[in-house]
Amino acid sequence: MGPAALWRNARVVPCTSVATATAPDADALVTEDGRVVWVGREPTLSPGLRARCATVHDLAGRLVTPGLIDCHTHLVFAGDRAAEFAERQRGVSYEEIARRGGGILSTVRATRAADAAALIEAATPRLESLLREGVTAIEIKSGYGLTLEDEARMLEVARTLARRHDIEVRTTYLAAHAVPPEFAGRGAEYVRVLAREWLPELARRGLVDAVDIYCDRGAFSAADAVTLFDAARELGLPVKMHAGQFADVGGVEVAARFAALSCDHLEELSAADAARMAQAGTVAVLLPVAYYTLGQAPPPPVQRLRDAGVLMAVATDCNPGTSPCASILLAMNMACRLFALTAEEALAGVTCHAARALALSPSTGSLAPGATADFVVWDATAPYELSYWTGLNRCRAVVRRGAIARGKL
Ligand code: DI6
Ligand code: FE
């Protein structure tokens, strides 16, 4: 917040669309009261606004992008699944491990045993890793509690992390992640309980920004999604879906019918469903690190999504099973190299399109007048440099609501 500041000698990539994630087309911006009030070429800045700028920052020709957004994470969990990683390296599949009671349910056991302080302690290094890379907004899902109070604790921890780290957090209720042992063999009944009893209660406590379901082979069905999404609709909550990671079980059609914010994964996606997503304005969230970790094939049909006009986002899917990753820059690189996104698509995927997937746009995820002044100053001059490197973080400074929150210029 506070008085106006001019940020000059910059290469500003507005990221209002893929087209404007391509090349810096402005060299200055003005922030005031935590918002961007002007973006452009400095000679065209009006003398009146210039005179209001109490502070002038010289960015020495550096790249400026919006704060990055990680729009799909399971950041809050206890324990890890490194032993399952080792098992997969010996040739046992992810789905086989899950059938034996490992997988998601093993993280559920660890998370249920962890109190809020332990969950915060476990999640903090993962969050800090993302913050160091210029992430200013993040989605955090529940889904490793699978009882009312264990889900509530995960979501409360997500809210606590938001306050402690000055980051925008959107919480997503994902009790429909796996059937817990208490409901073994009674999946449909579990979905009715999590939809009709737990969801209204957690919404009443202000813990739910969106509702998600893991709709796939070995997980929940399209009919389960209808039960859950009907309950979400009654509460006025937006929905999203893990869909088509392993198989197309008809979820995307349901998601589009409920105007879902996003469908995520989508390795299996028909042309008809891509058209439905475009029609519904549903964003495709691509999760290349999960794809990489599981050694899956084939990749999502990116050209089909482009042809249909579906907006694509990219996220880490940070989780202990399929995506032990706390680097949005690595996810961008993998989206380019494994899914053949252009570098501009990858950048739009972690800015404007990620904001759409979280219902944060247009105030977040792009740098246009009126936007929240969350941006990153990079030791780079071209936007494609962000996807080009792996294992090198070139984030120099992070500006949050118009003030330098991290690093120095
Ligand atoms: N997101 C998920 O929720 C599942 N896969 C994915 O990409 C499973 C996460 C887990 O194995 O813990
Ligand atoms: Fe996920």
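About the criteria used
Residues numbered from 1 in each chain as written. Chains lettered and ligands numbered in written order. Predicted model: local features only at pLDDT ≥ 70, side-chain atom pairs only at ≥ 80, totals over all residues. Heavy atoms only, no water. Helix = DSSP H or I, 4+ residues; strand = E, 2+ residues; numbered from the N terminus. Rg over C-alpha atoms; globule rule 2.2 N^0.38 Å. Buried < 20%, exposed > 50% of the residue type's maximum accessible area, 1.4 Å probe, protein only. Contact = heavy atoms within 4.5 Å. Areas by Shrake-Rupley, 256 points an atom, 1.4 Å probe, with all protein chains shown as cover. Near = heavy atom within 4 Å. Polar contact = N/O pair within 3.5 Å; in protein donor to acceptor, adjacent residues only side chain to side chain. Nonpolar A, V, L, I, M, F, W, Y, C, P; charged D, E, K, R; others polar. Patch = residues over 30% accessible without salt bridge, like charges linked within 9 Å, V, L, I, M, F, W, Y side chains within 5 Å. Salt bridge = Lys/Arg side-chain N within 4 Å of Asp/Glu carboxyl O. Pairing = 2+ DSSP bridges. Axes fitted to C-alpha atoms, helices over the stretch in contact; angles between N-to-C directions. Domains from an automatic or database assignment. Buried area = accessible area lost by both parts, 1.4 Å probe. Donors = N, O, S within 2.8 Å, 3.2 Å for Na, K, Ca; no water. Phe/Tyr/Trp six-rings, centres within 6.5 Å; stacked < 30°, edge-to-face > 60°. Core = buried A, V, L, I, M, F, W, Y, C linked by side-chain atoms within 4.5 Å.

1. A short note on the overall build of the protein
Okay, step 1: Along its length, the protein carries 16 helices and 15 strands.
Okay, step 2: Taken against the 2.2 N^0.38 rule, which gives 22 Å for 409 residues, the C-alpha radius of gyration of the protein at 21 Å falls within 12% of a compact globule.
Okay, step 3: Burial analysis of the protein (409 residues in total) assigns 59% to the buried set.
Okay, step 4: Counting only contacts in the protein whose residues sit at least 6 apart along the sequence, the fraction spanning at least 24 positions is 71%.
Okay, step 5: Of the roughly 15,200 Å² of accessible surface on the protein, 51% is carried by carbon and sulfur atoms.

2. So, the site of ligand 1
Okay, step 1: Lining the immediate surroundings of ligand 1 are 14 residues, of which Tyr94, Tyr144, His177, His265 and Asp317 lie closest.
Okay, step 2: One of the side-chain nitrogen or oxygen atoms of His265 is found 2.6 Å away from an oxygen atom of ligand 1.
Okay, step 3: Here an oxygen atom of ligand 1 and a side-chain polar atom of Thr322 are 3.3 Å apart.
Okay, step 4: In isolation ligand 1 offers 320 Å² of accessible surface; the protein chains occlude 100% of this area.
Okay, step 5: Residue classes in the shell around ligand 1 are distributed as four nonpolar, eight polar and two charged.

3. A word on a nonpolar patch on the surface
Okay, step 1: Taken together, Tyr388, Trp389 and Leu392 make up a surface patch of nonpolar side chains, about 340 Å² in accessible area.
Okay, step 2: Residue Leu392 is classed as partly exposed on the basis of its relative accessible area, which comes to 40%.

4. Looking at the sheet that holds strand β9 (residues 239–243)
Okay, step 1: Across the sheet, eight strands lie side by side as β5-β6-β7-β8-β9-β10-β11-β12; this open sheet has parallel pairing. Unpaired on one side and paired on the other, β5 (68–70) and β12 (312–314) mark the two borders of the sheet. For this sheet, the mean inter-axis angle between neighbouring strands, taken without regard to orientation, is 25 degrees.
Okay, step 2: Bridge count for strand β10 (residues 262–265) against strand β11 (residues 283–286) is three bridges, and the pairing is parallel. Looking across to β11, one finds that Asp264 is bridged to Val285.

5. A word on the domain arrangement of the protein
Okay, step 1: Here the domain parsing of the protein yields domain 1 (4–67 + 365–407) and domain 2 (68–357).
Okay, step 2: Across the contact, 28 residues belong to domain 1 and 26 residues belong to domain 2.
Okay, step 3: Buried surface at the junction of domain 1 and domain 2, both sides included, amounts to about 2,100 Å², of which 63% is carbon and sulfur.
Okay, step 4: Among the residues domain 1 hides against domain 2, the three largest losses belong to Val18, Ser387 and Arg400. Together they make up 26% of the total.

6. Focus: the side chain of His165
Okay, step 1: Tracing the chain through its elements places His165 in helix α6 (residues 148–165).
Okay, step 2: Note on His165: relative accessible area 19%, which makes it buried.
Okay, step 3: Once residues lying within four places of it in the same chain are set aside, the contact partners of His165 are Thr124, Leu127, Glu128 and Leu131.

7. Let's talk about the coordination of the iron ion (ligand 2)
Okay, step 1: Every protein donor of the iron ion (ligand 2) is accounted for by His72 (NE2), His74 (NE2), His242 (NE2) and Asp317 (OD), and the metal-donor separations fall at 2.1 to 2.3 Å.
Okay, step 2: Residue classification places Asp317 among the buried residues on the basis of a relative accessible area of 1%.

8. A closer look at the packing of aromatic side chains
Okay, step 1: Using the criterion set out here, one finds nine aromatic pairs in the structure.
Okay, step 2: Taken together, the ring pairs in this structure connect Phe183, Tyr190, Trp198 and Phe220 into an aromatic cluster.

9. Details of the nonpolar core
Okay, step 1: Grouped together as the largest cluster of nonpolar side chains are 106 residues, with contacts concentrated most on Tyr173, Leu228 and Phe229.
Okay, step 2: If we skip the residues at most four places from it in the chain, Phe229 touches Val211, Ile213, Val239, Lys240, Met241, Val254, Ala255 and Phe258.
Okay, step 3: Listed in part, the 15 residues of the second largest apolar core include Ala10, Ala26, Leu29 and Leu59.

10. Quick word on the pairing of strand β13 (residues 375–378)
Note on strand geometry: in a regular strand, side chains alternate between the two faces of the sheet.
Okay, step 1: The side-chain alternation of β13 yields two buried faces, one formed by Phe375 and Val377 and the other by Val376 and Trp378.
Okay, step 2: The sheet contact formed by strand β4 (residues 53–66) and β13 spans four bridges and is antiparallel. For Leu63, the partnering residue across the bridge sits in β13 and is Trp378.
Okay, step 3: Judged from the four bridges that link them, β13 and strand β14 (residues 395–400) form a sheet pairing that is antiparallel. The residue of β14 that forms the bridge with Phe375 is Val399.

11. Brief notes about the environment of Glu234
Okay, step 1: Counting through the fold element by element, Glu234 comes out in helix α8 (residues 222–234).
Okay, step 2: A residue is classified by how much of its surface remains accessible, and Glu234, at 61% relative accessible area, is exposed.
Okay, step 3: Between the alpha carbons of Glu234 and Thr124 there is a distance of 34 Å; along the sequence they are 110 residues apart.
Okay, step 4: There is a polar contact of 3.4 Å between the side chain of Glu234 and the side chain of Arg196.

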